[in-house]
Amino acid sequence: MNRMVEVLPDSATLIQRSLEVVLDKMKAAIAGRGQCTIALAGGNTPRPLYEHIATQDLPWRSIHVFWGDERYVAPDHADSNQGMARRTWLDKVAIPAMNIHPMPTDEADPVNAASKYEAELQAFFQVQPGEFPVFDIILLGMGDDGHTASLFPHTEALQVRDRLITVGNKDGQPRLTFTVPLINHANTVIFIVAGAGKRHALDQIFAPEADATTYPARLIQPQGELWWFLDQLAGQDLKT
Ligand code: 6PG
C-alpha cells in the first residue's frame, strides 16, 4: 500500500487538491484502459467536489459512475447518495444514462438489493464469483466514529470477505455498502475528510495500534494508492 496524506489549510483548498488528483486518475485510466470506473462517497463533504467535476470538459462516454454505499431510500429521498450526486454533478453533464450505475434500493429485502448490485458489478467487470473487480477510483468519506462507506463500527458488514456488496447497518437502518475487500482491490482509494469532529477518529486510524472494528477506516489498506486529503481542522497535529 502506497499512502499519501495531505493536510490542506481549508475546505476550499481541500476540494481543489482532491479535484486535481481525481481528474489526474480519471484521465490516466481513460488513457491507459479506455475507460474510468469511479465509485462515489455519500454524505456532505464530497458535494463541492462533485460540483467542480461537473464543470470539467471530460470524455463522459468513457466514465462509469458507481456508488460505494447507499442509504436504503428512494433516489428522490433527501438522504439518497444517488440523488445528491445527480443534483450536484451527473444531471449537469452529458454522461450517458447507461454509464450511471446506482445501487438499487427498490427491493423489499436489502439483502436481495446487495446481491443484485453484486451481480451488476460482476457482469460489468466480467469477473467470476469470488473474484474482486478493480475500480480505478473509490472515493470515501469518514464519519466522526471512524466509519467509512457504510461500514459502521462493530457491525457484521466489517467481517464480510467473500462478497462485493453487503448490507450495512447504521443504528438499525439498512445501508448497501462495498465490502472491505472490494475497496481494498481498487487502484486508487481517496478519502476526503473535513472538520474538527473527525480528529479523534483520525488519531485512532493513524495510530500504530487501535481496534479496527471500532474504527473501520483502519481496514482500508488498498493494494493500490491510498490518498487522505484532510482539512486543517481535521488533520492538524495528526501523526502520520
Ligand atoms: C454516507 C457516506 C458516509 C460518509 C461519512 C462522512 O452514505 O453517509 O458514504 O460514509 O462518507 O458519513 O460524511 P460527511 O462527509 O457528511 O461528514
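Check the entry above for the structure.
Residues numbered from 1 in each chain as written. Predicted model: local features only at pLDDT ≥ 70, side-chain atom pairs only at ≥ 80, totals over all residues. Heavy atoms only, no water.

**Remarks on the pattern of salt bridges**
Selection rule: Note on definitions: salt bridges are taken to be side-chain nitrogens of Lys or Arg within 4 Å of carboxyl oxygens of Asp or Glu. Burial classes: relative accessible area under 20% of the type maximum marks a residue as buried, over 50% as exposed, and values in between as partly exposed (1.4 Å probe, protein chains only).
Under the defined criterion, the tally for this structure stands at nine salt bridges. Of the charged contacts, one joins Lys 116 and Glu 107 as a salt bridge, the two residues approaching to 3.2 Å between their closest N and O atoms. Relative accessible area serves as the criterion here: at 40%, Lys 116 is assigned to the partly exposed category. You can call Glu 107 partly exposed: its relative accessible area is 26%. Sharing partners across several salt bridges, the network here consists of Glu 6, Arg 17 and Glu 20.

**What about unusual backbone geometry?**
As a reminder of what qualifies: A run of H or I in DSSP becomes a helix once it reaches four residues, and a run of E becomes a strand once it reaches two; helices and strands are each numbered from the N terminus.
A positive phi angle, close to 60°, is found at His 154, a residue other than glycine. By secondary structure assignment, the location of His 154 is in the loop between β6 (137-140) and β7 (165-170). On the basis of relative accessibility, which here comes to 56%, the residue His 154 falls in the exposed class. In this structure, Asp 171 is a non-glycine residue whose phi angle is positive, near 50°.

**Description of the packing of aromatic side chains**
Short version of the rule: Here a pair means two rings of Phe, Tyr or Trp (six-membered ring of Trp) with centres within 6.5 Å. Their orientation is stacked below 30 degrees between planes, edge-to-face above 60, and tilted elsewhere.
Counted under the stated rule, the structure contains 11 aromatic pairs. Aromatic side chains Trp 60 and Trp 89 sit 6.2 Å apart centroid to centroid with 55° between the ring planes, which places their arrangement in the tilted category. Highlighted residues: Trp 60 in the loop between α2 (47-53) and β3 (63-67) and Trp 89 in the loop between α3 (81-88) and β5 (100-101), separated in sequence by 29 residues. For Trp 60, a relative accessible area of 9% gives the class buried. The exposure class assigned to Trp 89 is buried, which follows from its relative accessible area of 0%. Here the aromatic cluster, defined as three or more aromatic residues joined through ring pairs, consists of Phe 66, Phe 124, Phe 125, Phe 135 and Phe 178.

**A word on the sheet that holds β7**
Applicable threshold: At least two DSSP bridges between two strands are needed for those strands to be called paired. Axes, fitted as lines to C-alpha atoms, cover a helix only where it is in contact. Angles between the N-to-C directions of the axes lie from 0 to 180 degrees. Any pair of residues with heavy atoms lying within 4.5 Å of one another is described as a contacting pair.
Taken in spatial order, the three strands line up as β4-β8-β7 in an open sheet, and their pairing is antiparallel. With one partner strand each, in any of the chains shown, β4 (69-71) and β7 form the two edges of the open sheet. Strand-to-strand, the axes of this sheet are offset by a mean angle of 30°, without reference to chain direction. Judged from the three bridges that link them, β4 and strand β8 (residues 173-178) form a sheet pairing that is antiparallel. Of the residues in β8, the one forming a bridge with Asp 69 is Thr 177. Running at roughly 140° to β7, helix α4 (residues 110-125) makes contact with β7 and β8 of the sheet.

**Focus: helix α1 (residues 11-33)**
The criterion, for reference: Between the first and last residue of a helix there are one fewer steps than residues, each counted as 1.5 Å, and that sum is the expected span. For the purposes of these results, a polar contact is taken to be a pair of N or O atoms within 3.5 Å, where, inside protein, one atom must be able to donate a hydrogen and its partner to accept one; residues adjacent in sequence count only when each atom of the pair is a side-chain atom.
Between its terminal C-alpha atoms α1 stretches 32 Å, which fits the 33 Å expected from 23 residues at 1.5 Å a residue. Every buried residue of α1 is listed here: Leu 14, Ile 15, Ser 18, Leu 19, Val 21, Val 22, Leu 23, Lys 25, Met 26, Ala 29 and Ile 30. You can read the cap of α1 off the contacts: a side-chain oxygen lies 3.2 Å from the backbone nitrogen of Ala 12, and it is on Asp 10. Directly beyond the C-terminal end of α1, a positive phi value near 85° is found at Gly 34.

**Examining the sheet that holds β6**
Reading across from one edge, β1-β10-β9-β6-β2-β3-β5 is the order of the seven strands in this open sheet, with parallel pairing throughout. Only two strands of the sheet have a single neighbouring strand rather than two, namely β1 (2-8) and β5. Where β6 and strand β9 (residues 188-193) come together, four bridges link them in parallel fashion. Looking at the pairing, Leu 140 lines up with Phe 191 of β9. Helix-sheet contacts for α4 involve β2 (36-40), β3 and β5, and the interaxial angle to β3 is about 160°.

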